[in-house]
Every structure is written in structure tokens, then in C-alpha cells.
Amino acid sequence: MAQTEIQSQNQSQQGQTADLSELEALSDRIWQISQAQQGNAESLLQILRILEALHKRIRDDLFQPALPISRHELFNLLRDIETNGGWPHIYRMKINEICRYLEQPEESDS
């Protein structure tokens, strides 16, 4: 019985590792697409909007329904969040931060 449980855990971990490798490959590809748009604020903003929408869909449709219902499981999840980097957050620039770029002197061509 214990042997079967260990094998099941190993298979689950291998599946998670494969999923993470795929996710890392997708992340690398998104970075490459973003770099190809370097200097194009509108395209980069669209990429950020797509990532934000995906974050929201995962959070609302998948993560929230998967939240634990027992105190013990919730404690374990919160401990994991604290131990492994906190809550995921998509930072948004504020308008005044964007306006700082307008205050910088323009480089002249001469």
C-alpha cells in the first residue's frame, strides 16, 4: 500500500515537472515576443493586458474554486504562500509614473 502511494506521488511530481517545463517554455516565448515589440508601447501594453486577463481567469475560474475548505489545508496553503514568495500580483503603473517620462529632456539629434 505504501509502495503504491509513493509511486503515485512520484508520478504526480513528474507530471508537475513536465507542466512547469512547458510553462517555462511558454514564458520564454512570451518574453521573445515582447522583446520583438521593444519600443512599441501599444503592442507591449496589449501583451500586458492579455497577461492580466489570463491571470484573472486563472484566479477566478480555477484557483478560487480550488481553495481549501478545512482550516488545516488553508493553513498549509498560507504557509506555502509565505514561504515561497507571497501572493502573485500584477503591478500596474500609475499615471504619474508614466508622466515622469514626459518630464525627461528629449535627446536632440544634433
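Rules used in this analysis
- Residues numbered from 1 in each chain as written.
- Predicted model: local features only at pLDDT ≥ 70, side-chain atom pairs only at ≥ 80, totals over all residues.
- Heavy atoms only, no water.
- Helix = DSSP H or I, 4+ residues; strand = E, 2+ residues; numbered from the N terminus.
- Buried < 20%, exposed > 50% of the residue type's maximum accessible area, 1.4 Å probe, protein only.
- Areas by Shrake-Rupley, 256 points an atom, 1.4 Å probe, with all protein chains shown as cover.
- pLDDT = per-residue confidence, 0-100.
- Salt bridge = Lys/Arg side-chain N within 4 Å of Asp/Glu carboxyl O.
- Patch = residues over 30% accessible without salt bridge, like charges linked within 9 Å, V, L, I, M, F, W, Y side chains within 5 Å.
- Phe/Tyr/Trp six-rings, centres within 6.5 Å; stacked < 30°, edge-to-face > 60°.
- Expected span 1.5 Å × (residues − 1).
- Bend = angle between axes of the 7 residues up to and from the residue.
- Contact = heavy atoms within 4.5 Å.

1. Some remarks on the overall build of the chain
Then comes step 1: Helices and strands together make up the secondary structure of the chain, namely four helices and zero strands.
Then comes step 2: Helices and strands in the chain line up, N terminus first, as α-α-α-α.
Then comes step 3: Per-residue burial over the chain gives 4% buried out of 110 residues.
Then comes step 4: Entry remark: accessible area of the chain is about 10,600 Å², with carbon and sulfur atoms responsible for 55%.

2. Quick notes on the confidence of the model for the chain
Then comes step 1: Taken residue by residue, the chain gives an average pLDDT of 83. The fraction at 70 or more is 81%.
Then comes step 2: Taken element by element, the chain is modelled with least confidence in helix H1 (residues 2–36), mean pLDDT 76, and with most confidence in helix H2 (residues 41–66), mean pLDDT 95.

3. Focus: the pattern of salt bridges
Then comes step 1: Within the structure shown, the criterion is met by three salt bridges.
Then comes step 2: Residue Asp-60 pairs with Arg-59 through a salt bridge whose shortest N-O separation is 2.9 Å.
Then comes step 3: Beyond isolated ion pairs, a larger network of salt bridges with shared partners links Lys-56, Arg-59 and Asp-60.

4. Notes on a nonpolar patch on the surface
Then comes step 1: On the surface, Tyr-91, Met-93, Ile-95, Ile-98 and Tyr-101 cluster together to form a nonpolar patch covering roughly 590 Å² of accessible area.
Then comes step 2: Tracing the sequence through the fold places Tyr-91 in the loop between helix H3 (71–83) and helix H4 (95–103).
Then comes step 3: Tyr-91 gets classed as exposed once you look at its relative accessible area, which sits at 54%.

5. Focus on the packing of aromatic side chains
Then comes step 1: Applying the stated criterion across every chain yields a total of one aromatic pair.
Then comes step 2: Measuring from ring centre to ring centre gives 5.3 Å for Phe-63 and Trp-87, while their planes differ by 65 degrees; the resulting arrangement is edge-to-face. Residue Phe-63 is found in helix H2, and its partner Trp-87 is found in the loop between H3 and H4; the two are separated by 24 residues along the sequence.
Then comes step 3: Its relative accessible area of 28% is what places Phe-63 among the partly exposed residues.

6. Examining H2
Then comes step 1: Here H2 is 26 residues long and its end C-alpha atoms lie 36 Å apart, about the 38 Å a rise of 1.5 Å per residue gives.
Then comes step 2: The axis of H2 is deflected most strongly, by about 35 degrees, at Arg-59.

7. Structural notes on H3
Then comes step 1: Helix length check: H3, at 13 residues, gives a terminal C-alpha distance of 18 Å against a target of 18 Å (1.5 Å per residue), a fit within 8%.
Then comes step 2: Two residues or fewer past H3, Gly-85 is found with a positive phi of approximately 110 degrees.

8. Here's the deal with the side chain of Ser-34
Then comes step 1: Considering the arrangement of structural elements, one finds Ser-34 in helix H1.
Then comes step 2: What Ser-34 contacts, discounting residues up to four positions off in sequence, is Leu-44 and Ile-47.

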